[in-house]
Amino acid sequence: RKGLFLSLVESNWETALASGYQFVYGTPNQNSLPGYIKKAQYAVVDELSMESFVALCHVAPLLCKKIPTRLALIIGGVSKILFRAWYRTFLGERKVAGMEIQDKKFKFLPEGWEEFIVRCSSQYDFILDRSRLVTEWRYIRNPHQYRLVTLKEGGILQGFAVYLTKEEGGIKRMKIVDLLAAQGTKPRCLALINTIVDRAFELNVADVEIWCATRSKLRDAVRRSGFLRKGQINVIARCAVDVDIFS
């Protein structure tokens with residue numbers, strides 16, 4: 001099995017080189033990390049600190065694995081009401097006047113996508129590739145059913161978030177896998193995150209998870225939205241040329 005793991009990692013690296021890429025990064029779990037470091041020539045990117053955060057919504061499915069089902073359902077039902085009330089009263093900053101938010105299946109990119117990405121590229125030190133080709137490959141031409149939340153002001157795209165709902169071990173969970181907003185971002189990020197968490201309550205999702213960089217502007221919005229820190233995320237990279245890309 002270890003041989004297959006290394007073969008797949010090397011095959012991915014060779015494919016990247018053949019396609020003209022000289023830098024590959026990933027976020028392995030603790031079990032996979034040693035293999036990447038010792039045998040696949042990857043290194044931990046110390047300059048990029050990532051964290052995972054989670055918002056609890058409907059904990060009954062989690063409790064059912066630890067206590068009797070009837071008791072779990074009672075506690076879960078009460079906690080869901082309390083969580084949602086607490087969230088809406090103290091943490092749920094709603095969209096402000098002029099914000100138009102839509103939540104729908106991710107089937108095509110919204111109007112003004114390219115202009116929005118260009119605008120954001122000039123406002124941040126570094127953002128991931130979100131070109132039309134890459135984004136369609138990542139979220140639309142994908143077996144998973146992603147949903148897209150868009151935020152417009154005056155008919156102009158000012159932010160988006162992508163999330164996925166799926167079952168893991170019989171428990172329905174939600175992950176926010178992408179989020180970007182034009183500067184003046186905090187109210188926009190809060191509105192996008194809150195829209196997704198509201199959806200999670202409606203679907204009886206156990207929890208919502210999101211990753212973000214420790215020093216990113218998004219982190220404060222995530223904490224303001226009631227998310228709790230879950231842990232550290234390992235970021236590793238392999239580069240074909242001997243340069244410090246973070247200098």
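Parameters and conventions
Residues numbered from 1 in each chain as written. Predicted model: local features only at pLDDT ≥ 70, side-chain atom pairs only at ≥ 80, totals over all residues. Heavy atoms only, no water. Helix = DSSP H or I, 4+ residues; strand = E, 2+ residues; numbered from the N terminus. Polar contact = N/O pair within 3.5 Å; in protein donor to acceptor, adjacent residues only side chain to side chain. Contact = heavy atoms within 4.5 Å. Buried < 20%, exposed > 50% of the residue type's maximum accessible area, 1.4 Å probe, protein only. Arc of directions from axis to C-beta. Salt bridge = Lys/Arg side-chain N within 4 Å of Asp/Glu carboxyl O. Phe/Tyr/Trp six-rings, centres within 6.5 Å; stacked < 30°, edge-to-face > 60°. Disulfide = S-S within 2.5 Å.

Trainee: What is the right way to look at the side chain of Arg 238 in this model?
Mentor: Within the fold, Arg 238 resides in strand β10 (residues 236-239). Of the polar contacts made by the side chain of Arg 238, one reaches the side chain of Glu 10; its length is 3.0 Å. Ignoring sequence-local partners within four residues, the contact set of Arg 238 consists of Glu 10, Trp 13, Gln 22, Phe 23, Val 24, Ala 40, Gln 41 and Tyr 42.

Trainee: What exactly am I supposed to notice about helix α6 (residues 132-140) here?
Mentor: In an α-helix there are 3.6 residues to a turn, and that puts residues three or four apart on one side. All of the buried residues in α6 are Val 134, Thr 135 and Tyr 139. Looking down the long axis of α6, one finds its buried residues gathered within 95° of arc, a one-sided arrangement. The exposed residues of α6 that point more than 90 degrees off its buried face are Leu 133 and Trp 137. Among the structural elements, α5 (113-121), β6 (156-168) and β7 (171-181) are those in contact with the buried residues of α6.

Trainee: Whenever I open this one, the pattern of salt bridges confuses me. Can you help?
Mentor: For the structure shown, the criterion picks out 14 salt bridges. Arg 130 is the partner of Asp 178 in a salt bridge, and the nearest nitrogen-oxygen pair spans 2.7 Å. Here Asp 178, found in strand β7, pairs with Arg 130, found in the loop between α5 and α6; they are 48 residues apart in sequence, far enough to count as distant. Take Arg 130: its relative accessible area is 9%, and that puts it in the buried class. Linked through salt bridges whose partners overlap, the residues forming this network are Glu 114, Arg 132, Glu 136 and Arg 141.

Trainee: I'm lost on the packing of aromatic side chains in this one. Help?
Mentor: What describes a pair of aromatic rings is the distance from one ring centre to the other and the angle between the planes of the rings. For the structure on display, the rule yields eight aromatic pairs. Geometrically, the ring pair formed by Phe 116 and Phe 160 is edge-to-face, given 6.1 Å between the ring centres and 80° between the ring planes. Placement of the pair is Phe 116 in helix α5 and Phe 160 in strand β6, with a sequence separation of 44 residues. Judged by relative accessible area, Phe 116 falls into the buried class, the value being 0%.

Trainee: Would you mind going over unusual backbone geometry with me for this structure?
Mentor: With glycine set apart, most residues show a phi of negative sign, and most peptide bonds adopt trans. A positive phi angle, near 65°, is found at Gln 41, a position not held by glycine. Tracing the backbone shows Gln 41 in the loop between α2 (33-39) and β2 (43-44). A residue is classified by how much of its surface remains accessible, and Gln 41, at 60% relative accessible area, is exposed. In this structure, Asn 204 takes a positive phi of about 55° despite not being glycine.

Trainee: Help me out: how do you make sense of the state of the cysteines in this one?
Mentor: Covalent bonding between the sulfur atoms of two cysteines defines a disulfide. Within this structure, the stated rule accounts for zero disulfides. Unpaired in this structure, Cys 189 has its nearest cysteine sulfur neighbour in Cys 120, at a distance of 9.7 Å. Cys 212 forms no disulfide, and the closest cysteine sulfur to it belongs to Cys 189, at a distance of 9.9 Å. Overall, Cys 212 belongs to the buried group, its relative accessible area being 3%.

Trainee: What exactly am I supposed to notice about α5 here?
Mentor: All of the buried residues in α5 are Trp 113, Phe 116, Ile 117 and Cys 120. The buried side chains of α5 occupy one side of the element, clustering within an arc of 95° when seen end-on. Every exposed residue of α5 that faces more than 90 degrees away from the buried side is listed here: Glu 115 and Val 118. Next to the buried residues of α5 lie α6, β6 and β7.

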